[in-house]
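# Chains, contacts and geometry: an overview
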Amino acid sequence: MTDTPYDKLSILLIEDEVYTRGLLRQILVQIGVRSIGEAANGKDGLMEIVRTRPDIVFCDVHMKPMNGLQVLQGMRNIKVKGVNRTPFIMLTADNQAETVRTALEHQVNGYLVKPVSLAQMKDRIDKVYASEPEMREWVRRR
């Protein structure tokens, strides 16, 4: 059992496929997440991370003009306090070793292979929440 306060979490979805983004949003709503931001590509997603400072980012790998690995690398290199440590979870149909290795090099917090189930998404959110004491403190103050 988890104590994750899904209704207090702010989550950003970065996914270029409208249909997939809608499905991911529905899953998050079913879990109980109320604050869900969206971006249709990596470039907009990176700007949205800085603007909204979500608690967790779910991001597709293969997008243009900026792919998910570039978004992750850009976010990790941002000099804005706390933004560079935002939990980042890759969502992709790509489970190639090189893609996974690159994501891990840039401190990805999770990797989910599509199609993603409600249970998988909930489990990943729970793991991130449990492993991030600063996020737990921030979310409790809301």
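This structure is a prediction, so every number in the text was calculated from the model and none was measured.

## Side note on the overall build of the protein
Per the secondary structure count, the protein includes six helices and five strands. Its C-alpha atoms give the protein principal-axis dimensions of about 35 × 35 × 25 Å. Per-residue burial over the protein gives 47% buried out of 142 residues. Relative to all contacts within the protein whose residues are 6 or more apart in sequence, the contacts with residues 24 or more apart total 64%. On the protein, roughly 7700 Å² of surface is accessible, and the fraction owed to carbon and sulfur atoms is 52%. Within the protein, one finds 21 positive and 18 negative side-chain charges whose respective centroids are separated by 5 Å.

## So, the nonpolar core
Counting residues in hydrophobic clusters, the biggest one holds 22 residues, and the most contacted among them are Leu9, Ile11, Leu28, Ile56, Phe58, Met121 and Ile125. If near-sequence neighbours (up to four positions away) are discounted, Phe58 is found in contact with Ile11, Leu12, Leu13, Ile14, Ile89, Leu91, Leu112, Met121 and Ile125.

## Topic: the sheet that holds strand E5 (residues 110-113)
Taking strand neighbours across the sheet as the criterion, the five strands line up as E2-E1-E3-E4-E5 in an open arrangement whose pairing is parallel. Across the chains shown, the open sheet's two edge strands, defined by having one partner strand only, are strand E2 (35-39) and E5. The average angle at which neighbouring strand axes cross in this sheet is 20°, direction not considered. Each of strand E1 (10-14), E2 and strand E4 (88-92) is contacted by helix H1 (residues 18-31), which is oriented at about 170° to E2, the strand it contacts most.

## Quick look at the packing of helix H5 (residues 118-131) against helix H6 (residues 133-140)
Relative orientation of the contacting elements H5 and H6 amounts to 95°, with a least axis distance of 5 Å. The angle between H5 and H6 falls in the class roughly perpendicular. Where H5 approaches H6, its residues Val128, Tyr129, Ala130 and Ser131 are matched on the opposing element by Pro133, Met135, Arg136, Val139 and Arg140. Of the residues in the contact of H5 with H6, the class split is six nonpolar, one polar and two charged.

## Comments concerning the side chain of Asp55
Along the chain, the position of Asp55 falls in the loop between helix H2 (42-52) and strand E3 (56-60). Judged by its relative accessible area of 6%, Asp55 is buried. Within the structure, the side chain of Asp55 is placed 2.7 Å from the backbone nitrogen of Ser10, a separation counted as a polar contact. Residues within four places of Asp55 in sequence aside, it is in contact with Lys8, Leu9, Ser10, Thr86, Pro87, Met135, Trp138, Val139 and Arg142.

Rules of the game
- Residues numbered from 1 in each chain as written.
- Predicted model: local features only at pLDDT ≥ 70, side-chain atom pairs only at ≥ 80, totals over all residues.
- Heavy atoms only, no water.
- Helix = DSSP H or I, 4+ residues; strand = E, 2+ residues; numbered from the N terminus.
- Buried < 20%, exposed > 50% of the residue type's maximum accessible area, 1.4 Å probe, protein only.
- Contact = heavy atoms within 4.5 Å.
- Areas by Shrake-Rupley, 256 points an atom, 1.4 Å probe, with all protein chains shown as cover.
- Lys, Arg positive; Asp, Glu negative; His and termini not counted.
- Charge placed at Lys NZ, Arg CZ, Asp CG, Glu CD.
- Core = buried A, V, L, I, M, F, W, Y, C linked by side-chain atoms within 4.5 Å.
- Pairing = 2+ DSSP bridges.
- Axes fitted to C-alpha atoms, helices over the stretch in contact; angles between N-to-C directions.
- Parallel < 35°, antiparallel > 145°, perpendicular 65-115°, else oblique.
- Nonpolar A, V, L, I, M, F, W, Y, C, P; charged D, E, K, R; others polar.
- Polar contact = N/O pair within 3.5 Å; in protein donor to acceptor, adjacent residues only side chain to side chain.

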